[in-house]
Amino acid sequence: MADRERAAVGAAPARSDVARRLAASAAAGGALAGAVAVTVAVVAGPGPGLAGYVSEAGIAGSAYASTYRIGILALAGALLLLAVALPPGVRVAAPALLATGAVFTAISGAVTCSEGCPLPPFERATVADLVHGGASIVATGAVVLTMAVLAVSDQAGPAVRRLAARAAALAFPLCAAVGLAMLVVGRGTLVGVLERLVLALAVLWAMVTATALAVGRFIPPFGSSRS
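Residues numbered from 1 in each chain as written. Predicted model: local features only at pLDDT ≥ 70, side-chain atom pairs only at ≥ 80, totals over all residues. Heavy atoms only, no water.

Engineer: Could you give an account of helix α2 (residues 65-85), with specific residues and numbers?
Structural biologist: Compared with the 30 Å implied by 1.5 Å per residue over 21 residues, the 30 Å span of α2 between its first and last C-alpha is a close match. If you check which residues of α2 are buried, you get A65, Y68, G71, I72, L75, A76, A78, L79, L82, A83 and A85. (Helix = DSSP H or I, 4+ residues; strand = E, 2+ residues; numbered from the N terminus. Expected span 1.5 Å × (residues − 1). Buried < 20%, exposed > 50% of the residue type's maximum accessible area, 1.4 Å probe, protein only.)

Pasting the structure below:
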């Protein structure tokens, strides 16, 4: 009886470990698929190139609006799956922030901006523009904060912590630069390039972190109990 109980206790963590790895694999795939779809929409669409926002690929009337929205929703799903895939025992803020990022990413894809995606203080914005812009900012901020939380979470494991620390070290100054450029310069090539760097870093971090979790590049808290 005791042996059966010990076997059952050991099987439960093993099953949860497999479930997390499957979620991580799906997160990596979703992030890659989403990034490809959004990139296709941005590059092939009729937008202003680097002088515009990424979101301009999804405005109404764009031939690639559907491709853009599908990509954004795939990225939202990837963030949610990554939250599920995080090792047990990580700071609760990390999965909560990723879930928040997923929700607001989905909102930013569902609520499209008008042509040019205008934002204050230099342009007159509609309610949809403000909702879309605000959701995009919250989503990006949530992902960047997740990096910071995981960077100091012992339960995340050394590989995930290193990835998070390095990504956060790049993301925070980039985000500050984007915010400052939007307030001082407004829409243009500088903001467009900085925005793309931030988004590319966030997606790359999510993809690499999900891959690391999928291949088991962390030590789960119950690992010490395994013989």
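Resuming the write-up.
Engineer: Any chance you could break down the state of the cysteines for me, citing the residues and the numbers?
Structural biologist: What we call a disulfide is simply a covalent bond connecting the sulfur atoms of a pair of cysteines. Per the stated rule, a full pass over the model turns up one disulfide. In this model C113 forms its disulfide with C117; the gap between the sulfur atoms is 1.8 Å. For the pair C113 and C117, a shared accessibility class is recorded, and that class is buried. (Disulfide = S-S within 2.5 Å.)

Engineer: Can you tell me about helix α3 (residues 93-110), naming the residues and giving the values?
Structural biologist: The end-to-end C-alpha distance of α3 is 25 Å, a good match for the 26 Å that 18 residues give at a rise of 1.5 Å each. Within α3 the residues assigned to the buried category are A94, L97, L98, G101, A102, T105, S108 and G109. All buried residues of α3 fall inside an arc of 145° around its axis, so they share one side. Summarising the contacts, the buried residues of α3 are in contact with α2, α4 (127-151) and α6 (189-214). (Arc of directions from axis to C-beta. Contact = heavy atoms within 4.5 Å.)

Engineer: Give a detailed account of the nonpolar core, specifying residues and quantitative values.
Structural biologist: Within the largest apolar cluster, 44 residues are counted, with the highest numbers of intra-cluster contacts made by L82, L86, L98, M147, L150, W205 and L213. Among the secondary structure elements, those contributing two or more residues to this core are α1 (2-44), α2, α3, α4, α5 (158-184) and α6. Core analysis: the next-biggest nonpolar cluster, separate from the first, contains 12 residues, A57, I72, A78 and V203 among them. (Core = buried A, V, L, I, M, F, W, Y, C linked by side-chain atoms within 4.5 Å.)

Engineer: Lay out the layout of surface pockets with the relevant residues and their values.
Structural biologist: Taken as a whole, the largest pocket spans an internal volume of roughly 1100 Å³. Together, 44 residues line the largest pocket, and V54, S136, T140, E195 and L199 are the ones closest to its centre. Elements with a contribution of two residues or more to the lining of the largest pocket: α1, α2, α3, α4, α5 and α6. (1 Å grid on protein atoms, 1.4 Å probe; cavity = no way out; pocket = protein on both sides within 12 Å on 5 of 7 lines; lining within 4 Å. Points joined across faces, edges and corners; volume = space filled by probe spheres on them.)

Engineer: Residues and numbers for the packing of α4 against α6, please.
Structural biologist: When two helices pack together, their arrangement is given by the angle between their axes and by how far apart the axes lie. In contact at an axis separation of 11 Å, α4 and α6 are set at 50° when each is read in the N-to-C sense. Relative to α6, the element α4 is oriented oblique. Seen from above, α4 lies across α6 with left-handed handedness. Judged by residue contacts, T140, V143, T146, M147 and L150 of α4 engage V198, L199, A202 and W205 from α6. Looking at the contact of α4 with α6, its residues break down into seven nonpolar, two polar and no charged. (Axes fitted to C-alpha atoms, helices over the stretch in contact; angles between N-to-C directions. Parallel < 35°, antiparallel > 145°, perpendicular 65-115°, else oblique. Left-handed = near helix turned anticlockwise from the far one by under 90°. Nonpolar A, V, L, I, M, F, W, Y, C, P; charged D, E, K, R; others polar.)

Engineer: For empty space enclosed by the protein, give the residues involved together with the corresponding values.
Structural biologist: A probe as big as a water molecule, rolled over the atoms, marks out the empty space that is left. If you walk through the whole model with that rule in mind, you get one cavity of 30 Å³ or more. A volume near 50 Å³ is recorded for the largest cavity. Classifying every residue of the lining of the largest cavity gives six nonpolar, one polar and two charged.

Engineer: Help me get a handle on the environment of R69, residues and values and all.
Structural biologist: Among the structural elements, R69 can be located in helix α2. Owing to a relative accessible area of 26%, R69 belongs among the partly exposed residues under this scheme. If we ignore the near neighbours within four places in the chain, the residues touching R69 are G58, G109 and T112. Only 3.4 Å separates the side chain of R69 from the backbone oxygen of G58, close enough to count as a polar contact. (Polar contact = N/O pair within 3.5 Å; in protein donor to acceptor, adjacent residues only side chain to side chain.)

Engineer: Which residues make up the confidence of the model for the protein chain, and what are the values?
Structural biologist: Predicted confidence across the protein chain gives a mean pLDDT of 87, with 88% of residues reaching 70 or more. Predicted confidence is poor over residues 1-12, with pLDDT under 50, and the contacts of this stretch with residues over four places away or in other chains come to zero contacts. Low pLDDT, under 50, characterises residues 218-227; the stretch is placed with 13 contacts to residues that sit more than four places away or in other chains. (pLDDT = per-residue confidence, 0-100.)

Engineer: Run through the side chain of T209, naming residues and quoting values.
Structural biologist: As for its placement among the helices and strands, T209 is situated in helix α6. For T209, a relative accessible area of 0% gives the class buried. Setting aside residues no more than four positions away along its own chain, T209 makes contact with L82, V160 and L163.

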